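Structural description and commentary
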Amino acid sequence: MKKAIYPGSFDPVTNGHIDIIERSKSLFKEVVVLVVKDNPSKELLFSTEEKIEMIKESIKHYSNVSVDSFEGLLVEKAKTIKADVIIRGLRAISDFEYEFQIALMNRRLSSKINTVFMMPNEKYTYLNSSIVKEVARLGGDISAFVPKHVEEKLKEKFKLK
Ligand code: ADP
């Protein structure tokens, strides 16, 4: 049984991410959700600490899932924490090219680490953090897309309450 890492921006964590975590936790001995530390190429709404808190709350019932953050090369972080597998979610063909490129580059950088792609329930295939933020900013109902505590945080950010 392997130790897996699930890296991403998680700005914020959505039900799509949680679907992937739930599938992964029964396939691997241990799953570490890894929040990428403030990436200047992405416009982020939440700080790393806020993102970690929201993920922690979402995974509190899972005994073999934890959360951590990282900066720099993912394969280096994987080596440091002795993880063998990288989990990524695949929603549609549009994700494929980008994910394929990263997976092959990571394998080139560290041949021992394999990337495993997981597909979420089809109801989450159109879901991403950006669209959730946009709908929340405009005051739309996001209760089907994120856990309750994340919905509350989004409302606070956009001063909707
Ligand atoms: P990144 O900036 O690394 O893409 P994201 O937080 O957007 O960070 O995504 C992290 C991982 O979760 C990626 O592998 C992405 O494909 C996957 N993911 C994001 N949203 C969903 C979803 N709705 N269903 C399944 N996988 C998802």
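Report follows, based on the coordinates. Worth saying up front: this structure is predicted, and the values here are computed from it rather than measured. (Residues numbered from 1 in each chain as written. Predicted model: local features only at pLDDT ≥ 70, side-chain atom pairs only at ≥ 80, totals over all residues. Heavy atoms only, no water.)

1. Section: the environment of Glu30
For Glu30, the location among the structural elements is in strand E2 (residues 30–36). On the basis of relative accessibility, which here comes to 27%, the residue Glu30 falls in the partly exposed class. The spatial distance from the C-alpha of Glu30 to the C-alpha of Ala78 is 13 Å, given a sequence separation of 48 residues. Excluding its chain neighbours within four sequence positions, the residues that come into contact with Glu30 are Lys2, Lys3, Ala4 and Asn64. (Helix = DSSP H or I, 4+ residues; strand = E, 2+ residues; numbered from the N terminus. Buried < 20%, exposed > 50% of the residue type's maximum accessible area, 1.4 Å probe, protein only. Contact = heavy atoms within 4.5 Å.)

2. Topic: a nonpolar patch on the surface
Together, Ile93, Phe96, Phe100 and Leu104 line one region of the surface with nonpolar side chains, adding up to about 430 Å² of accessible area. Within the secondary structure, Phe96 sits in helix H4 (residues 93–109). For Phe96, a relative accessible area of 42% translates into the label partly exposed. (Patch = residues over 30% accessible without salt bridge, like charges linked within 9 Å, V, L, I, M, F, W, Y side chains within 5 Å. Areas by Shrake-Rupley, 256 points an atom, 1.4 Å probe, with all protein chains shown as cover. Salt bridge = Lys/Arg side-chain N within 4 Å of Asp/Glu carboxyl O.)

3. Overview of the sheet that holds strand E3 (residues 65–70)
With parallel pairing, five strands are arranged side by side in an open sheet as E3-E2-E1-E4-E5. Both outer strands of the open sheet, E3 and strand E5 (114–118), are each paired with one neighbouring strand and no more. On average, each strand axis in the sheet is inclined to that of its neighbour by 30°, with strand direction left out of account. Strand direction decides the pairing type here: strand E1 (residues 3–8) and strand E4 (residues 85–89), joined by two bridges, are parallel. Opposite Ala4, over in E4, you have Val85 as the bridge partner. (Pairing = 2+ DSSP bridges. Axes fitted to C-alpha atoms, helices over the stretch in contact; angles between N-to-C directions.)

4. A closer look at the pattern of salt bridges
This model, assessed by the stated rule, comprises 14 salt bridges. With its nearest N and O atoms 2.9 Å apart, the salt bridge here joins Asp68 to Lys77. The partly exposed category is assigned to Asp68, whose relative accessible area is 28%. What makes Lys77 buried here is its relative accessible area of 18%. Two residues, Lys148 and Glu151, come together in a salt bridge whose shortest N-O distance is 3.7 Å. Here Lys148 and its partner Glu151 are both found in helix H6 (residues 148–157), three residues apart, which amounts to about one turn of the helix. Residue class for Lys148 comes out exposed when judged on its relative accessible area of 55%. Through salt bridges with shared partners, one network takes in Lys148, Glu151, Glu152 and Lys155.

5. Remarks on the site of the ligand
Surveying the vicinity of the ligand reveals 16 residues, the closest of which are Tyr6, Ser9, Lys42, Gly89 and Leu127. The separation between an oxygen atom of the ligand and a polar main-chain atom of Phe10 is 2.9 Å. Between the ligand and Tyr124 there is a distance of 2.9 Å, counted from a nitrogen atom to a backbone nitrogen or oxygen. Relative to its free-state accessible area of 550 Å², the ligand is covered by the protein chains to the extent of 91%. With respect to the detected pockets, the ligand is housed in the largest pocket. (Near = heavy atom within 4 Å. Polar contact = N/O pair within 3.5 Å; in protein donor to acceptor, adjacent residues only side chain to side chain. 1 Å grid on protein atoms, 1.4 Å probe; cavity = no way out; pocket = protein on both sides within 12 Å on 5 of 7 lines; lining within 4 Å. Sits in = over half its atoms within 2 Å of the grid points.)

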